[in-house]
Amino acid sequence: MTQTPIVPAQGILLGRAQLPDNALPRIVTVRDGTVVDLTSKTAPTVRDVCELADPADYVATAKGQEIGSVEALVVNSWASQKDATKPYLLSPIDLQAIKASGVTFVTSLLERVIEEQAKGDPARADALRADILELIGTDLSALVPGSDPAMKVKETLIARGVWSQYLEVGIGPDAEIFTKGQPMSSVGYGADVGLHPVSTWNNPEPEVALTVKSTGQIIGATLGNDVNLRDVEGRSALLLGKAKDNNASASIGPFIRLFDGDFTIDTIKSAEVELTVEGEDGFRLEGSSSMSQISRTPESLVAATIGDHHQYPDGLVLYLGTMFAPVQDRDGAGKGFTHKTGDIVSISTPSLGTLQNRVRLSTECPPWTYGTSALMRDLAAADLI
């Protein structure tokens, strides 16, 4: 697996940083290896930058103050060695809604069906995987969701008694769109990511996340870890909120890369997202997710999220889903993969850099205490709104 830098060497980057003795998160970019503070009345939040007519031009040309090298901030962002007297990176978004799309790749589609059939029991997964693959094969990847051929496959699967709610959103006309977390709740590069302590079967979900204006225009992208509790969701899809939205369960970063002439939505559509999980027990897992194999286009997923049917006045970030569903045995034959606390998860692609986090229980991660009201108060105190 190739080694991707934490921060891409080129591109127009937008993010947030915390400075010592200053509660207000700062809006930053990277220029020639230096992190520059762009916070101003013109655009005091990342949301405000994204809502400008030309966010990339603003970030590329706005005056700012240097606060340190990007290498220094990256090192100081790591949770286990963070020094609060020095600057460090935060999640690159603030007031945007945090949305996610699910079952957008055939591999993850099949694994969701297996989760459902296993009722959250990983011990049954291997046998079910073989049975389901024999019955329906892997040719679902060639189907266009909602198309006539897809509906014929649906009819066949219903007749055979294996239709699933996951197959419905995987090949049916409507995409699965859900709320991953609340505005201001995501964590960034180097932070601990959280697992609900009730879960014993879970995994990372390495994804590209799009940055979307309130108008529905896609203006950039970043990386995300849509931490997933397979046993909780497998017991019932109605437990999706418990499986997905917990303290520190949404990781985003390290920066938003804004679209410009060299970096576009087509770059995202051809991206190869790599994943490594390294455990304190010596376990190592590698995988990848190829955006070229997504079953619904990024544009169609955004259109399913925002439009006349649903508005987001502060914009949104949308996780696009993953084809990666780990099945590599960790604690013995047939036991599959699950996280252990202390795992280091790295998600990377050359155009966006690397998002890296350590896995802990949500109850042991720093509690989320800085919300929208705190941000508004600090902006007002700084005479920025």
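So, a few notes on the structure that sits alongside this text. Predicted, not measured: the structure shown is a model, and the values here were computed from it.

## Brief notes about the side chain of Asn228
Residue position: Asn228 is located in strand 12 (residues 228-229). Within polar-contact distance, the side chain of Asn228 engages the side chain of Glu205 at 3.4 Å.

## Some words on the sheet that holds strand 15 (residues 284-290)
On the basis of which strands lie adjacent, the open sheet formed by five strands has the order 8-18-17-14-15 and mixed pairing. Each edge of the sheet is formed by a strand with only one pairing partner; in this case those strands are strand 8 (192-195) and strand 15. On average, each strand axis in the sheet is tilted by 25° relative to the strand beside it, whichever way the strands run. In this structure, strand 17 (residues 344-349) lies alongside strand 18 (residues 353-361), joined through six bridges in antiparallel fashion. Residue pairing in the sheet places Ser346 in a bridge with Gln356 of strand 18.

## Looking at the pattern of salt bridges
Counting across every chain of the model gives 16 salt bridges. A salt bridge links Arg360 to Asp192; the nearest nitrogen and oxygen atoms lie 2.9 Å apart. Within this pair, whereas Arg360 is found in strand 18, its partner Asp192 is found in strand 8, the two being separated by 168 residues in sequence. By relative accessible area, which is 24% here, Arg360 ends up partly exposed. Put simply, Lys269 and Glu299 hold a salt bridge, and the shortest N to O gap is 2.8 Å.

## Notes on the packing of aromatic side chains
Within this structure, the stated rule accounts for three aromatic pairs. Both rings, one in Trp78 and one in Tyr189, keep their centres 6.2 Å apart while their planes meet at 55°; by these two values the pair is tilted. Linking Trp78 in the loop between helix 3 (70-76) and strand 5 (88-90) with Tyr189 in the loop between strand 7 (176-181) and strand 8, this pair joins segments that are 111 residues apart in sequence. Neither residue differs from the other here; Trp78 and Tyr189 are each classed as buried. A cation sits over an aromatic face here: Lys82 above Tyr88, 4.2 Å from the ring centre. Sitting over the ring of Phe263, Arg257 keeps its end group 4.5 Å from the ring centre.

Parameters at a glance
- Residues numbered from 1 in each chain as written.
- Predicted model: local features only at pLDDT ≥ 70, side-chain atom pairs only at ≥ 80, totals over all residues.
- Heavy atoms only, no water.
- Helix = DSSP H or I, 4+ residues; strand = E, 2+ residues; numbered from the N terminus.
- Polar contact = N/O pair within 3.5 Å; in protein donor to acceptor, adjacent residues only side chain to side chain.
- Pairing = 2+ DSSP bridges.
- Axes fitted to C-alpha atoms, helices over the stretch in contact; angles between N-to-C directions.
- Salt bridge = Lys/Arg side-chain N within 4 Å of Asp/Glu carboxyl O.
- Buried < 20%, exposed > 50% of the residue type's maximum accessible area, 1.4 Å probe, protein only.
- Phe/Tyr/Trp six-rings, centres within 6.5 Å; stacked < 30°, edge-to-face > 60°.
- Lys NZ or Arg CZ within 6 Å of the ring centre and 35° of its normal.

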